[in-house]
Amino acid sequence: MPVSITKAAVSEDTVKRMAQKAFGEDALEIQELKEGYFNIAYRVRLKDRSTVLKIAPSPETEVMTFEKNIMFSEVDSMRMVARRTEVPVPEVLFYDNSRSVADREYFFMEMLEGQSLSSISDTLSQEQKQKIYYDIGRYTAILNRITGAGFGYYGQPDRQGKDWYEVFRDMLRDPFADAGRKGITMPVKEQDTLELLERDRALFEAVETPRFVHWDIWAGNVFIADGRIQGFIDFERCLWGDPLMEVGFRGYERNGAFLDGYGLRKLSREEDRRARWYDVYLALLWCLETDYRGYDNRDFYHMGCRAALSGMEELTGAN
């Protein structure tokens, strides 16, 4: 896993002071958790339980536009999901955005049992995996039934709106603006992308209800114990939008078990085209990660460029 500059470690003393503020007790053991690319995370053992501590990057760290205020998004949305649905999520134990202990936001949450699906996938039978993906689809559908007042990123209410086409168009502009700030060469031109999107305006205007979208339910964010889902993590990139943005509808991830669990066995032509647009949007963000995270190679950038270019070619050819 590449080293990310947004995952800046803090001292053991700082972690202990965070635990003291949250629980009024000492951290007996601290261990960095290596998975994830954005927030630094630690397993913190207390007297009677283990917890997970996530710490945001320093406010001085430059992040992509869609990543602004995402720790609030994660904390608030997990609490909402726990309150309003049966979807298993870790309990948020303490959240501090005062920056009184350090110059960062942080929160403690319950430590889930088991391991991530990505880490144990090779040990599971095909039947076990199909059952898990069916349940991922079922839980994703439940999440998507939560509705909001406007479209847009959860933690950016100032950029939310009533028209999904207009909100998504602005979201699609963001990677190009972010690329300009870092001098990153993008694989496609902004004007060409927006002109093609305009031709598909009616497809997006058909999305009339803002629905809660996790947007990052890949195997690394699903915890499994005894062959069953114990919980979903990493809600930080959540938004109010089109459910077809969920990972299970990505061109590289779509499978029958997920769709069966979701209750949408086959996408219509219009739905499939919108889903392809979301593939392109995600690929454009991939193009930025190498520079914004400070990775030590450009493999991720090249992968994003290939995917974005391929996706645009497919959309243009099928238009």
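## Focus on the overall build of the protein chain
Piece 1. Of regular secondary structure, the protein chain possesses 10 helices and 11 strands.
Piece 2. For the protein chain, whose C-alpha radius of gyration is 20 Å, the value lies close to the compact-globule estimate of 20 Å for 319 residues.
Piece 3. Reported as C-alpha extents along the three principal axes, the dimensions of the protein chain are approximately 60 × 45 × 40 Å.
Piece 4. When burial is assessed residue by residue, the protein chain has 54% of its 319 residues classed as buried.
Piece 5. The long-range fraction of contacts in the protein chain, counting pairs at least 24 apart against all pairs at least 6 apart in sequence, stands at 69%.
Piece 6. Approximately 14500 Å² of the protein chain is accessible, and the part contributed by carbon and sulfur atoms is 45%.

## Structural notes on the sheet that holds strand β6 (residues 115–116)
Think of a sheet as strands paired side by side through backbone hydrogen bonds, with each pair either parallel or antiparallel.
Piece 1. On the basis of which strands lie adjacent, the open sheet formed by three strands has the order β6-β9-β10 and antiparallel pairing. This sheet does not close on itself; its edge strands, each paired only once, are β6 and β10 (228–232).
Piece 2. For β6 and strand β9 (residues 222–225), the ladder comprises two bridges, and the chain directions are antiparallel. Note on β9: the bridge partner recorded for Gln115 is Ile224.

## Some remarks on the sheet that holds strand β7 (residues 152–153)
Piece 1. Sheet architecture is open: three strands sit in the order β7-β11-β8, paired in antiparallel fashion. On the outer flanks of this sheet lie β7 and β8 (211–213), each paired with one strand and no other.
Piece 2. By the bridge criterion, two bridges tie β7 to strand β11 (residues 239–241) in an arrangement that is antiparallel. When the bridges of β11 are listed, Tyr153 appears paired with Leu239.
Piece 3. Helix α5 (residues 164–182) rests against β7 and β11 of the sheet, and its axis sits at about 130° to β11.

## So, the layout of surface pockets
Piece 1. Empty space within the largest pocket amounts to approximately 1200 Å³.
Piece 2. Every element with two or more residues in the lining of the largest pocket is listed here: β1 (29–33), β3 (50–55), β5 (106–110), α9 (269–293) and α10 (299–318).
Piece 3. Considering every element that reaches the lining of the largest pocket, the biggest residue donor is α9, with five residues.
Piece 4. Considering only residue class, the lining of the largest pocket consists of 24 nonpolar, eight polar and 12 charged.

## Let's talk about the nonpolar core
Soluble globular proteins tend to bury their nonpolar side chains together.
Piece 1. By size, the foremost hydrophobic cluster in this structure holds 85 residues, and its most contacted members are Ile136, Trp164, Phe168, Phe212, Trp215 and Tyr281.
Piece 2. When residues of this core are assigned to their parent elements, the largest contribution, 13 residues, is made by α9.
Piece 3. Apart from residues no more than four positions distant in its own chain, Phe168 is found in contact with Leu197, Phe204, Trp277, Tyr278 and Tyr281.
Piece 4. The next biggest cluster of nonpolar side chains, apart from the first, holds 17 residues, and it includes Val15, Ala19, Tyr42 and Val44.

## Here's the deal with the pattern of salt bridges
Piece 1. Inspection of the entire model under this criterion finds 34 salt bridges.
Piece 2. A salt bridge links Asp170 to Arg169, with the shortest nitrogen-to-oxygen separation between them at 4.0 Å.
Piece 3. In this structure Asp170 comes out as partly exposed when scored by relative accessible area, which is 29%.
Piece 4. The network of salt bridges with shared partners includes Lys54, Glu67, Glu74, Asp234, Glu236, Arg237 and Arg293.

## Topic: the pairing of β1
Piece 1. Sheet topology note: the β1/strand β2 (residues 40–45) ladder contains five bridges and is antiparallel. Bridge pairing in β2 places Gln31 opposite Arg43.
Piece 2. Once β1 ends, the chain turns through six residues before running back antiparallel as β2, passing Gly36 with a positive phi of about 95°.

## With respect to helix α2 (residues 70–84)
Piece 1. Taking 1.5 Å of rise per residue, 15 residues should cover 21 Å, and α2 covers 20 Å from first to last C-alpha, within 8% of that figure.
Piece 2. Among all positions in α2, only Ile70, Met71, Ser73, Glu74, Val75, Ser77, Met78, Met80 and Val81 are buried.
Piece 3. Looking at the buried residues of α2, the elements they touch are β3, β4 (92–96), β5, α4 (126–144), β8 and β11.

## Focus: empty space enclosed by the protein
Piece 1. Scanning all chains against the criterion turns up two cavities of 30 Å³ or more.
Piece 2. The volume enclosed by the largest cavity comes to roughly 60 Å³.
Piece 3. If you go around the largest cavity, the residues you meet are Tyr133, Ile136, Ile217, Trp218, Ala219, Val222, Val247, Gly248, Glu253, Asn255 and Phe258.
Piece 4. Taken as a whole, the second largest cavity holds about 40 Å³ of empty space.
Piece 5. Every residue along the wall of the second largest cavity is listed here: Phe66, Lys68, Ile70, Ser73, Tyr153, Tyr154, Gly155, Gln156, Glu236, Arg237 and Cys238.

## A closer look at the packing of aromatic side chains
Piece 1. Applying the stated rule across the entire model yields 27 aromatic pairs.
Piece 2. Seen in terms of ring centroids, Phe66 and Trp215 are 5.8 Å apart; in terms of plane orientation they differ by 80°. Their pairing is edge-to-face. Residue Phe66 is located in the loop between β3 and α2, and its partner Trp215 is located in the loop between β8 and β9; the two are separated by 149 residues in the primary sequence.
Piece 3. Looking at Trp215, the relative accessible area reads 6%, which means it is buried.
Piece 4. Ring geometry for Phe204 versus Tyr278: centroids 6.1 Å apart, planes at 75°, classification edge-to-face.

The rules behind the values
- Residues numbered from 1 in each chain as written.
- Predicted model: local features only at pLDDT ≥ 70, side-chain atom pairs only at ≥ 80, totals over all residues.
- Heavy atoms only, no water.
- Helix = DSSP H or I, 4+ residues; strand = E, 2+ residues; numbered from the N terminus.
- Rg over C-alpha atoms; globule rule 2.2 N^0.38 Å.
- Buried < 20%, exposed > 50% of the residue type's maximum accessible area, 1.4 Å probe, protein only.
- Contact = heavy atoms within 4.5 Å.
- Areas by Shrake-Rupley, 256 points an atom, 1.4 Å probe, with all protein chains shown as cover.
- Pairing = 2+ DSSP bridges.
- Axes fitted to C-alpha atoms, helices over the stretch in contact; angles between N-to-C directions.
- 1 Å grid on protein atoms, 1.4 Å probe; cavity = no way out; pocket = protein on both sides within 12 Å on 5 of 7 lines; lining within 4 Å.
- Points joined across faces, edges and corners; volume = space filled by probe spheres on them.
- Nonpolar A, V, L, I, M, F, W, Y, C, P; charged D, E, K, R; others polar.
- Core = buried A, V, L, I, M, F, W, Y, C linked by side-chain atoms within 4.5 Å.
- Salt bridge = Lys/Arg side-chain N within 4 Å of Asp/Glu carboxyl O.
- Expected span 1.5 Å × (residues − 1).
- Phe/Tyr/Trp six-rings, centres within 6.5 Å; stacked < 30°, edge-to-face > 60°.

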